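# Coordinates in review
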Amino acid sequence: KDCNNMFVCSSCMASKQHKGHNFLEVTEVYKTKKDDIKKDTKELENHISPTYEEIAFDLENQLASLDGGYDKLTTTMSKQGEQWHREIDIIVNKMKTEISKIKVKHKELLQKHLNEIKQIQSLIKETLHALRKIEESTEVSPTIEYNSKIREFSKPPPKVKVTMPTFIPKPIDCEKLYVLFGQITPLSTVTEENVLSLNQPNTSVKELLDEPELVTKIQTGHKNPNVTCVNEDMIWTSGKSTDIKCFNIKGTTLHTIHTKSGSCPRYLAVDSDGSLLYSDNETRTVNKVKNGHTEELIRLQGWMPSNLCVTSTGDLLVTMHSEDLTQSKVVRYSGSTEKQTIQYDDEGKPLYSGQGSKYITDIRNHDICVADFWAGAVVVVNQDGKLRWKYTGHRSVTKNEEFRPWGITTDSQSRILTADFNNHCIHILDHNGQFLRYIDNCDLQDPTGLCVDNNDNLFVCEVSRGNVKKIKYFK
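Since we're looking at a predicted model, the values are computed, not measured.

About the criteria used
- Residues numbered from 1 in each chain as written.
- Predicted model: local features only at pLDDT ≥ 70, side-chain atom pairs only at ≥ 80, totals over all residues.
- Heavy atoms only, no water.
- Salt bridge = Lys/Arg side-chain N within 4 Å of Asp/Glu carboxyl O.
- Helix = DSSP H or I, 4+ residues; strand = E, 2+ residues; numbered from the N terminus.
- Buried < 20%, exposed > 50% of the residue type's maximum accessible area, 1.4 Å probe, protein only.
- Pairing = 2+ DSSP bridges.
- Axes fitted to C-alpha atoms, helices over the stretch in contact; angles between N-to-C directions.
- Phe/Tyr/Trp six-rings, centres within 6.5 Å; stacked < 30°, edge-to-face > 60°.
- Lys NZ or Arg CZ within 6 Å of the ring centre and 35° of its normal.

Bringing the pattern of salt bridges into the picture now. Counted according to the given criterion, the structure contains 18 salt bridges. One salt bridge in this structure joins K290 and D273, with 3.4 Å as the shortest N-O distance. Here D273 lies in the loop between β6 (265-270) and β7 (276-280) and K290 lies in strand β8 (residues 285-290), a separation of 17 residues in the sequence. Taking the relative accessible area as the measure of exposure, K290 reaches 40% and is therefore partly exposed. A salt bridge links D367 to R388; the nearest nitrogen and oxygen atoms lie 2.4 Å apart. Pair noted here: D367 is in the loop between β14 (358-362) and β15 (368-372) and R388 is in strand β17 (residues 387-391), with a separation of 21 residues, a long-range link.

What follows is about the sheet that holds strand β23 (residues 458-462). Spatially, β1-β24-β23-β22 is the arrangement adopted by the four strands of the open sheet, whose pairing is antiparallel. Both edges of this open sheet fall to β1 (208-219) and β22 (447-452), since each of them pairs with a single strand only. Going across the sheet, the axis of each strand differs from the next one's by a mean of 25°, ignoring polarity. Pairing analysis gives five bridges linking β23 to strand β24 (residues 467-474), with the strands arranged antiparallel. Of the residues in β24, the one forming a bridge with E462 is N467.

The subject of this paragraph is the packing of aromatic side chains. As enumerated under the stated definition, the model contains nine aromatic pairs in all. Three or more aromatic residues joined by ring pairs form one cluster here, namely F373, W374, W406 and F421. Between the NZ or CZ atom of K329 and the centre of the ring of W303, over which it lies, the distance is 4.0 Å.

Strands sit in the order β6-β7-β8-β9 across an open sheet of four strands; the sheet is antiparallel. Of all the strands in the sheet, the pair left with one neighbour each is β6 and β9 (293-299). The mean inter-strand angle of the sheet, taken between neighbouring strand axes irrespective of direction, is 25°. Strand direction decides the pairing type here: β6 and β7, joined by four bridges, are antiparallel.

A separate point is the pairing of strand β21 (residues 435-439). Alignment of strand β20 (residues 425-429) against β21, held across four bridges, turns out to be antiparallel. For I426, the partnering residue across the bridge sits in β21 and is I439. Where β20 folds back onto β21 in an antiparallel hairpin, the turn is made up of five residues, including G433, whose phi is positive at roughly 85°.

Laid out in structure tokens, this is it:
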């Protein structure tokens, strides 16, 4: 045993080389190794090999659907091109119609002036005829009564000069056209670690309580509060003030941080090393607070940051909307580096409404969930940004107001919880968007931002009351 399982005989055992060593019976080692071989064979057959087969199958499926996916992409671009051509034709036809109207007006002006001139010409002709008759006549009266019209005819009407309209084509800025036409998002590669569960017990499935329980209520002092969990004993909160407060579960204020800009922080998150992140609409930034020091992590141009989410892989997801409230999108960052933009579906249609803030969270399978208040929907895409499903509420006799989700989070069971602002309750969904139940028995009023701690306790903000409530909903 001391010499790396070297085979020895009785002479060797008595020699100085192996004096004091521990010895094992060959048959025992043989039996143990046989058991190990049997165990490894079973593990390879039942766990490892099927896992690799599944990975290979998934990659083969991705390769098989690659052409179809890119065909859809080019079809969408072609449709956009056709739409542009139609719009350009409409503009050209509209301008041609406008020119036709101007032409008619131009013609009318010239014709009116011509008619005036011809009328005067006719009068001149009549006058000439009358003068010739008087000249040839010997009558006295017509000659004496004659009044000269030279002065009248020597002042022709003002000359009308109508300038033709011109078309001034604007120079074509190809770069601007490219930007206006659309956006091709960069190829996004997310490396996901494959973990093999080698005879490890499965995570126990937690069952929902029949009646969720209100554990505690913390008065934050904030109007329109937001919350994020540090752990089961600490939370960060913010609202319509310049300070961000850290409370323990008893409601005692542990720390207070003031925003660097002196403006109200929008939303909060805690990253993998426990540092606080917050978004600032005034400065269009996402900031990081570590050891009391605030540093700018991200600065946006033309966009305003909203909700934040730190994913299980350590990336940062930021929802944001354009300054004119016409567009919204989700951007993935690694540190300060932009990795992915999620904005449109496969048909080029916006995934999210333009106005309002969007709460965001991710599930363990890396799906990304967005609570879109103004659209009245929870929108879920996979990690590649492809739409998986939408949830637009679950009506009941008592929950008959319009569904307006204003907060979202997920738990260890990959269940999704979203705050229904109008119906004063929480909807619990499974990871495929199937409604499971409400949390509506904890006197919730105008619920908004949600988070769960490590033990799957739910924290809910109440807009009008300024409270954060801790609710237990698992057995």
